[in-house]
Amino acid sequence: MRRHSLPAARVSVRASGDRWLFGYADVVTLLFACFASLYAAKISPAPVATPHHDLLLALEAQPAPADPSATLRQQLEAIIEHDAAGTSVDISTTARGLVLSLEEAGSFPAGRADLTPAATRVMLVVSNALRFLPNLIRVEGHTDDTPIRGSLFSSNWELSTARATRVVRLLSEQGAVDPSRLSAAGYAEYRPRMANDSPEARARNRRVDIVVLDVSAQQDEPAALVR
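Conventions used here
Numbers given for residues are sequential positions, taken from 1 along each chain in its written order. Totals for whole chains, interfaces and linings use all residues, but because this is a predicted model, local features are given only for residues with pLDDT of at least 70 and pairs of side-chain atoms are given and counted only at 80 or more. Excluding hydrogens and water, the side-chain values take into account all heavy atoms of the structure. We define a salt bridge as a contact between a side-chain nitrogen of Lys or Arg and a carboxyl oxygen of Asp or Glu at a distance within 4 Å. Under the DSSP-based scheme used, a helix requires at least four consecutive residues in state H or I and a strand at least two consecutive residues in state E, with every element numbered from the N terminus. Buried residues are those whose accessible area, probed at 1.4 Å on protein chains only, stays under 20% of the maximum for their type, while exposed residues exceed 50% and partly exposed ones sit between those limits. Nonpolar core, defined: a set of buried Ala, Val, Leu, Ile, Met, Phe, Trp, Tyr and Cys residues in which side-chain atoms within 4.5 Å join the residues together. Any two residues whose heavy atoms approach within 4.5 Å are treated as being in contact. Whenever two N or O atoms come within 3.5 Å, that pair is a polar contact, provided that in protein one can donate a hydrogen and the other can accept it, and provided that, for residues adjacent in sequence, both atoms are side-chain atoms. Only strands joined by at least two bridges in the DSSP assignment are considered to pair. For a helix, the expected span equals 1.5 Å multiplied by the residue count minus one. Comment: axis = line fitted to C-alpha atoms, over the contacting stretch for helices; angle = value between 0 and 180 degrees taken between N-to-C directions. Note on aromatic contacts: the rings of Phe and Tyr and the six-membered ring of Trp form a pair at centre separations within 6.5 Å, being stacked when their planes are under 30 degrees apart, edge-to-face when over 60 apart, and tilted otherwise. Any Lys NZ or Arg CZ that is within 6 Å of a ring centre and within 35 degrees of that ring's normal is treated as a charge sitting over the ring.

Undergrad: So what exactly am I meant to see when it comes to the pattern of salt bridges here?
TA: Close approach of charged atoms allows side chains of opposite charge to pair. Tallied over the entire structure, the rule returns 14 salt bridges. Residues participating in the shared-partner salt-bridge network are Asp 90, Glu 103, Arg 193 and Arg 204.

Structure (C-alpha cells):
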C-alpha cells in the first residue's frame, strides 16, 4: 500500500506546480496587446479637429467692429438733439476728423468770447463723450469779414482766438478733458465756410469748431517736448 501511494503523491505535486504557466501566458498576452495598441496609436495620424458647425455660424454672424468716429458721431448727434436747445450746432466729417461746429448765434454774444449758459451746458455734455478718447482735439475760432467796432477786442484775430481758448478752458477745467490733448487756434475771417456775401453766410462763418483729429491728422501735430 505504501509503495503505490508515493508515486501518486509526486504526480499530484508536479501537476499543481505547472499551473503558473497559464497565468504567465495571460500576462504576456496582455502586455503584447498593450504594446500593439500603443504602436498603432503612434503611427496612426491624429484626427484633425474641426470647429462645430454652430460655432462657425456664430462667428460669421458676429458684426464687424464699429467705426469709432461713427460711434462718436452718433453720440454727439444724440447730445445735440437732446441738449442743444438755444444753440446752433452742426456735425460734419472731414479729412481731418469729426468736426462739431458751435455757431455764434446762441453761443456767444456779438463781439464777446463768453459762452452763453446754453452753450456751456452743451459743451459740458459733449465733454463726457470726448473725455475718454485718445484723439487730439483742436478748438478753432472763426469770424466773418466784418471789422470789429466798439468791442473788447481790437481785431477778429483776437476775438476768434479768445473764443477758442474759452472753449478749451471749459472742456479741460469743468469737463475734465485731458488738457494735453487740447489746443486752441484763431483764424479770424480767413477760413470761411462760404463766401461772406450775405448776412446768412456771415452768420454761418462765425463759429467755433471742435475738431476730433483722426490718426493721420494727428501725425501733423507738433509733438510735446519732454525735458
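Undergrad: Looking at this structure, how should I read unusual backbone geometry?
TA: Among all residues except glycine, the phi angle is most often negative; among peptide bonds, the trans geometry is most common. The phi torsion at Ala 176 lies on the positive side, around 60°, for a residue other than glycine. With respect to the secondary-structure elements, Ala 176 resides in the loop between helix 6 (156–174) and strand 4 (182–186). Looking at Ala 176, the relative accessible area reads 49%, which means it is partly exposed. For Ala 188, which is not glycine, the phi dihedral falls at a positive 55°. If you trace the backbone, Ala 188 turns up in the loop between strand 4 and helix 7 (199–205).

Undergrad: Would you mind showing me how to read the nonpolar core here?
TA: Nonpolar side chains tend to gather and get buried jointly when the protein is soluble and globular. Counting 30 residues, the largest nonpolar core has Leu 76, Leu 100, Met 123, Val 139, Val 167 and Ile 210 as the members making the most contacts within it. Among the secondary structure elements, those contributing two or more residues to this core are helix 4 (68–83), strand 1 (89–93), strand 2 (97–103), helix 5 (117–130), strand 3 (137–142), helix 6 and strand 5 (207–213). Per-element tally for this core: the top contributor is helix 5, with six residues. Setting aside its immediate chain neighbours within four residues, Met 123 contacts Leu 100, Leu 102, Val 167, Leu 170, Leu 171 and Ile 210.

Undergrad: Quick question: what am I supposed to make of the side chain of Ser 160 here?
TA: You can see Ser 160 is positioned in helix 6. In terms of polar contacts, Ser 160 uses its side chain to reach the backbone amide nitrogen of Ala 188, at 3.0 Å. Sequence-distant contacts of Ser 160, that is, excluding residues within four places in its chain, are made with Gly 141, His 142, Thr 143, Ala 185, Gly 186, Tyr 187 and Ala 188.

Undergrad: Just to check I follow, could you spell out the pairing of strand 1 for this structure?
TA: Looking along a regular strand, one sees the side chains alternate between the two faces of the sheet. Where strand 1 lies against strand 2, five bridges are found, and the strand directions are antiparallel. Looking at the pairing, Thr 93 lines up with Leu 98 of strand 2. The antiparallel pairing of strand 1 with strand 2 creates a hairpin that spans three residues between the two strands.

Undergrad: Any chance you could explain helix 6 here in plain terms?
TA: Since there are 3.6 residues in each turn of an α-helix, residues three or four apart along the chain are aligned in direction. Helix length check: helix 6, at 19 residues, gives a terminal C-alpha distance of 27 Å against a target of 27 Å (1.5 Å per residue), a fit within 8%. For helix 6, the complete set of buried residues consists of Asn 156, Leu 159, Ser 160, Arg 163, Ala 164, Val 167, Val 168, Leu 170 and Leu 171. Packed against the buried residues of helix 6 are helix 5, strand 3, strand 4 and strand 5. Just downstream of helix 6, Ala 176 is the residue with a positive phi angle, here 60°.

Undergrad: Sorry, what's going on with the side chain of Glu 103 here?
TA: By secondary structure assignment, the location of Glu 103 is in strand 2. The buried category is assigned to Glu 103, whose relative accessible area is 8%. Reaching out from Glu 103, the side chain makes a polar contact with the side chain of Arg 193 at a distance of 3.1 Å. Non-local contacts of Glu 103, meaning those with residues more than four positions away in its chain, are made with Ser 88, Asp 90, Arg 193, Ala 203, Arg 204, Arg 206 and Arg 207.

Undergrad: What is the right way to read the sheet that holds strand 1 from this model?
TA: Overall, mixed pairing links the five strands, which are arranged 1-2-5-3-4 in an open sheet. The two strands at the open ends of the sheet, each matched to only one other strand, are strand 1 and strand 4. Strand after strand, the sheet turns through a mean of 20° between neighbouring axes, direction not considered. Its contacts with the sheet place helix 5 against strand 2, strand 3 and strand 5, and it is angled at close to 165° to strand 2. Where helix 6 meets the sheet, it contacts strand 3, strand 4 and strand 5, and its direction lies at approximately 165° from that of strand 4.

Undergrad: Please clarify how the packing of aromatic side chains should be interpreted in this entry.
TA: When we look at a pair of aromatic rings, we describe it by the centre distance and by the angle of the planes. With the rule as written, the count across this model stands at one aromatic pair. Ring geometry for Trp 157 and Tyr 190: centres 5.2 Å apart, planes at 25°, overall stacked. A residue pair is termed long-range when its members are at least 10 positions apart, and Trp 157 in helix 6 and Tyr 190 in the loop between strand 4 and helix 7 qualify at 33 residues. The class of Trp 157 is partly exposed, set by a relative accessible area of 45%. Over the aromatic face of Tyr 187 sits the side chain of Arg 191, whose NZ or CZ is 3.9 Å from the ring centroid.

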